[in-house]
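So you can see what is in the structure, the chains are spelled out below.
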Amino acid sequence: MPRKIVASLFISLDGVVEAPDQWHFPYFNDEMGAAVSADMNTTEILLFGRRTYDSFAGAWPEREAAGGQDTGFAKQLGDLRKIVFSRRPLDLRWRNSEQAGGDVAETAAALKNEPGGDIALSGSVSVVRQLLAAGLLDELRLLVHPVAVRKGMRLFDEGEPSIPLKLLRSETFTTGVLHLVYGPDTAPPTGGYEDAVATLGE
């Protein structure tokens, strides 16, 4: 079977995905930890943009070496194959890392057609946007935090074509975080204002 491509993102109530380290941690609990671990357990390849890769590579190898509480997860990340999209040469100091040779859509499509485990993204919003636009993302997994950050980059840009999605499953954590999993909607709802008015009048 072809691989699935899945993206997991921490996101605020007002759609911010930038710098989750500044607002995410008060909401982290065992429920969220289990969700994140479950995502990784089916993953074989991680895709990154340059900035997210630099952030991960600057933290997780040290955590693995330190032998702390998150050593197991750090080792799991290190053992995965990691593919990084960047137009300039990279310092790929984290083991099992390689730089993509083509553009995002072409590389992702080729990887997706191979047999194997899931291809996953954590962060790397620019890559997520390109995969969504190309119709290559099978699941968008959002951990929606009940906080309005009110600054920073949001998941979706203004002015781009709409992307219809359908809710595949959902879960509410005790912290108020919503775990929402969306997939492509190949048959989105149709209709307009007149249909809505007619429904209200029934």
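Our subject is the structure listed above.
Here the structure is a predicted model, which means the values were calculated and not measured.

A. View of the packing of aromatic side chains. Overall, the coordinates contain five aromatic pairs when judged by the stated rule. Pairing Phe-48 with Tyr-53 gives two aromatic rings, centres 5.8 Å apart and planes at 75°, and the pair type is edge-to-face. Note on Phe-48: relative accessible area 1%, which makes it buried. Exposure remark for Tyr-53: the relative accessible area of 0% places this residue in the buried category. Between the aromatic rings of Phe-48 and Trp-94, the centroid separation amounts to 6.3 Å while the plane-to-plane angle is 50°, which identifies the pairing as tilted.

B. Region of the structure containing the pattern of salt bridges. Per the stated rule, a full pass over the model turns up 16 salt bridges. The residue Arg-3 makes a salt bridge to Glu-44 at a minimum N-O spacing of 3.0 Å. Here Glu-44 lies in strand S2 (residues 43-49) and Arg-3 lies in the segment before strand S1 (5-12), a separation of 41 residues in the sequence. On the accessibility criterion, Arg-3 (5% relative accessible area) is buried. Between Asp-54 and Arg-50 there is a salt bridge, with its nearest N and O atoms 3.7 Å apart. Taken together, the residues Asp-54 and Arg-50, both in helix H2 (residues 50-57) and four residues apart, mark about one turn of the helix. The exposure class of Asp-54 is partly exposed, given its relative accessible area of 30%.

C. Representation of the pairing of strand S8 (residues 178-184) within the structure. With five bridges connecting them, strand S6 (residues 139-145) and S8 associate as antiparallel partners. Looking at the pairing, Leu-142 lines up with Leu-180 of S8. The sheet contact formed by strand S7 (residues 165-172) and S8 spans seven bridges and is antiparallel. Residue pairing for S8: Leu-165 is matched across the bridge by Pro-184. The hairpin turn running from S7 into S8, its antiparallel successor, is five residues long, and Gly-176 in that turn takes a positive phi close to 95°.

D. Spatial organisation of the nonpolar core. If you look at the biggest cluster of nonpolar residues, it comprises 27 residues, and the most contacted ones within it are Leu-47, Leu-121, Val-128, Leu-131, Leu-137 and Leu-155. For this core, the secondary structure elements donating two or more residues are S1, S2, strand S3 (81-85), helix H5 (104-112), strand S5 (118-122), helix H6 (125-133) and S6. In terms of residue count, H6 provides more of this core than any other element does, five residues in total. Not counting residues up to four positions away in its chain, the partners in contact with Val-128 are Ala-7, Leu-9, Leu-121, Gly-123, Leu-137, Leu-140 and Leu-155.

E. Representation of the sheet that holds S3. One open sheet holds the eight strands; their spatial order is S4-S3-S2-S5-S1-S6-S8-S7, and the pairing between them is mixed. Two strands in the sheet have a free side with no partner beyond their single neighbour: strand S4 (97-99) and S7. With direction set aside, neighbouring strand axes in the sheet form an average angle of 25°. Sheet topology places S2 next to S3; five bridges connect them, and they run parallel. Following the sheet pairing, Gly-49 is matched in S3 by Phe-85. In this fold H6 packs onto S1, S2, S3, S5, S6 and S7, with an angle of close to 125° to the strand it touches most, S1.

The rules we used
- Residues numbered from 1 in each chain as written.
- Predicted model: local features only at pLDDT ≥ 70, side-chain atom pairs only at ≥ 80, totals over all residues.
- Heavy atoms only, no water.
- Phe/Tyr/Trp six-rings, centres within 6.5 Å; stacked < 30°, edge-to-face > 60°.
- Buried < 20%, exposed > 50% of the residue type's maximum accessible area, 1.4 Å probe, protein only.
- Salt bridge = Lys/Arg side-chain N within 4 Å of Asp/Glu carboxyl O.
- Helix = DSSP H or I, 4+ residues; strand = E, 2+ residues; numbered from the N terminus.
- Pairing = 2+ DSSP bridges.
- Core = buried A, V, L, I, M, F, W, Y, C linked by side-chain atoms within 4.5 Å.
- Contact = heavy atoms within 4.5 Å.
- Axes fitted to C-alpha atoms, helices over the stretch in contact; angles between N-to-C directions.

So, to be careful, I would describe these as geometric facts and stop short of saying anything about function.
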